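The chain contents come next:
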Amino acid sequence: MTPRPIAVLARLLVLAPLAALPACSTAWKDHYRGVAAGAYAPTESVTVREVPWERVDAALRSIEAERAASATHPDEWTPEQLEAEQAALLSGLQISEPPDEITVLGRSVFRSTDHLSPADGSLEQFARSIGADYAVWSAHYLGTKEVVHHESVTEHGWSSRGYHDASGLYRRDYEPWDRTVFVPVVVEADQYAWVVYYLRKR
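Conventions we followed
Residues take numbers from 1 onward in each chain, read along the sequence in its written order. Whole-chain, interface and lining totals are the exception, using all residues; otherwise, since this is a predicted model, local features are given only for residues with pLDDT of at least 70 and side-chain atom pairs are given and counted only at 80 or more. Each side-chain value is worked out from all heavy atoms of the structure, with water and hydrogens disregarded. Put simply, a nonpolar core is a bunch of buried Ala, Val, Leu, Ile, Met, Phe, Trp, Tyr and Cys residues held in one set by side-chain atoms that sit within 4.5 Å of each other. Throughout this description, buried means an accessible area under 20% of the type-specific maximum (1.4 Å probe, protein chains only), exposed means over 50%, and partly exposed covers the range between. Elements are defined by DSSP. Helices are runs of H or I of four residues or more, strands are runs of E of two residues or more, and each kind is numbered from the N terminus. Any two residues whose heavy atoms approach within 4.5 Å are treated as being in contact. The convention used is that axes are lines fitted to C-alpha atoms, helices contributing only their stretch in contact, and that angles between N-to-C directions extend from 0 to 180 degrees. In this scheme, roughly parallel covers angles under 35 degrees and roughly antiparallel covers those over 145, while 65 to 115 is roughly perpendicular and the rest are oblique. In this scheme the handedness of a crossing depends on how the near helix is turned from the far one: anticlockwise by less than a right angle means left-handed, clockwise means right-handed. The criterion for strand pairing is that DSSP finds at least two bridges linking the strands in question. When charges are counted, neither His nor the chain ends are considered; positive counts come from Lys and Arg and negative counts from Asp and Glu. Only one rule defines a salt bridge in this text: a Lys or Arg side-chain nitrogen within 4 Å of an Asp or Glu carboxyl oxygen. Only Phe, Tyr and Trp rings are paired, with Trp represented by its six-membered ring, and only when their centres lie within 6.5 Å; those with planes under 30 degrees apart are stacked, over 60 edge-to-face, the remainder tilted. Charge-over-ring placement is defined geometrically: NZ (Lys) or CZ (Arg) within 6 Å of the ring centre, and within 35 degrees of the ring normal. pLDDT gives the predictor's per-residue confidence on a scale running from 0 to 100.

**Quick word on the nonpolar core**
- In terms of nonpolar packing, the biggest core is built from 18 residues, with L89, L93, I95, V136, Y197 and L199 touching the most fellow members.
- Elements with a minimum of two residues in this core: α2 (53-69), α3 (79-92), β3 (102-112), β4 (134-164) and β5 (170-201).
- Those residues in contact with V136 that lie beyond four places of it in its chain are R49, V51, L93, I95, V195, V196, Y197 and L199.
- If you look at the next biggest cluster of nonpolar residues, it comprises 17 residues, including Y32, V46, A135 and Y198.

Structural data, given as structure tokens:
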């Protein structure tokens, strides 16, 4: 199976400037759009690499401009046009291999206030599972955003129980209790935009 690199990807992804992407929750897998898992055998190792946001954003803006200026739809482009577009994308991702030696599997794009680390192994594990040789990522600080966190609060108190003892006298017992409840708290959190491209060597 050898999909046309950009032609296939174009039907699955929206090539928009990264700063204009809608907000959504995190996770490389949850926000992946591209070739379905299982289409390629998992890889044994993955190169996880960061590239400057400005470089990736500039490449995608250039690709978007070329598509807008074209008199024909990308689905009708010639192989030469598709290869030129893929070359522009790979250049933006700082990939040195020739375009005809790389298949773009897909990408993950999202905004998040979570503390994410591409070096914690989760990105590499997901990239391996879809058969990628490269996971090229970039992140951009967007400012702060109000988010709701649930913080635990422990409550204490006493409960009582009335009863009659063996002699018929009414008595009352008291027992301490405690419980944990979660209270919503609005806080300011740093928000980042993330993009990851998954690439496979042919």
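Back to the text.
**Thoughts on unusual backbone geometry**
- For Q94, which is not a glycine, the phi torsion comes out positive at approximately 60 degrees.
- Overall, Q94 belongs to the partly exposed group, its relative accessible area being 39%.

**A short note on the environment of L123**
- Of note, L123 is situated in helix α4 (residues 122-129).
- Along the backbone, L123 and A135 are 12 residues apart, and their C-alpha atoms lie at a distance of 7.6 Å.
- Those residues within four positions of L123 in sequence are excluded, and the remaining contacts are W28, V48, P118, A135, W137, V196 and Y198.

**A word on the packing of α2 against α3**
- Close contact between α2 and α3 brings their axes to 8 Å; oriented N to C, the two are set at 165 degrees. Here α3 runs roughly antiparallel to α2, going by the angle between their axes. The element α2 and its partner α3 pack so that their crossing is right-handed. Residues R55, V56, A59, L60, I63 and R67 of α2 form the contact with α3, whose own contacting residues are E85, A88, L89, S91 and G92.

**Regarding the pairing of β3**
- Taking burial as the measure, the 11 residues of β3 include 11 buried ones, the bulk of the element.
- Here strand β1 (residues 32-34) pairs with β3 via three bridges, running antiparallel. By the bridge assignment, Y32 is partnered in β3 with S108.
- In the sheet, β3 pairs with β5 via 10 bridges, with the strands oriented antiparallel. By the bridge assignment for β5, S108 is matched with V196.

**A few points about the side chain of E97**
- Its place among the elements puts E97 in the loop between α3 and β3.
- The buried charged residue E97 lacks any salt bridge, with K201 as its nearest oppositely charged partner at 4.1 Å.
- Excluding its chain neighbours within four sequence positions, the residues that come into contact with E97 are L90, I102, Y134 and K201.

**Overview of the packing of aromatic side chains**
- Overall, the coordinates contain eight aromatic pairs when judged by the stated rule.
- When the centroid spacing of 5.4 Å and the interplanar angle of 80 degrees are considered together, the rings of Y32 and Y198 count as edge-to-face. Residue Y32 is located in strand β1, and its partner Y198 is located in strand β5; the two are separated by 166 residues in the primary sequence. An identical accessibility class is assigned to Y32 and Y198; each is buried.
- Through successive ring pairs, a cluster of aromatic residues spans W28, F110, W137 and W194.
- Against the face of W77 rests R67, its NZ or CZ located 5.9 Å from the ring centre.

**Remarks on the pattern of salt bridges**
- Evaluated as defined, the whole model comprises six salt bridges.
- The shortest N-O distance in the salt bridge between R171 and D165 comes to 2.6 Å.
- R171 gets classed as partly exposed once you look at its relative accessible area, which sits at 40%.

**Examining the confidence of the model for the protein**
- Looking at the protein, the pLDDT average stands at 84 and 86% of residues meet or exceed 70.
- For the protein, the element scoring lowest by mean pLDDT is helix α1 (residues 5-12), at 37; strand β2 (residues 47-50) scores highest, at 97.

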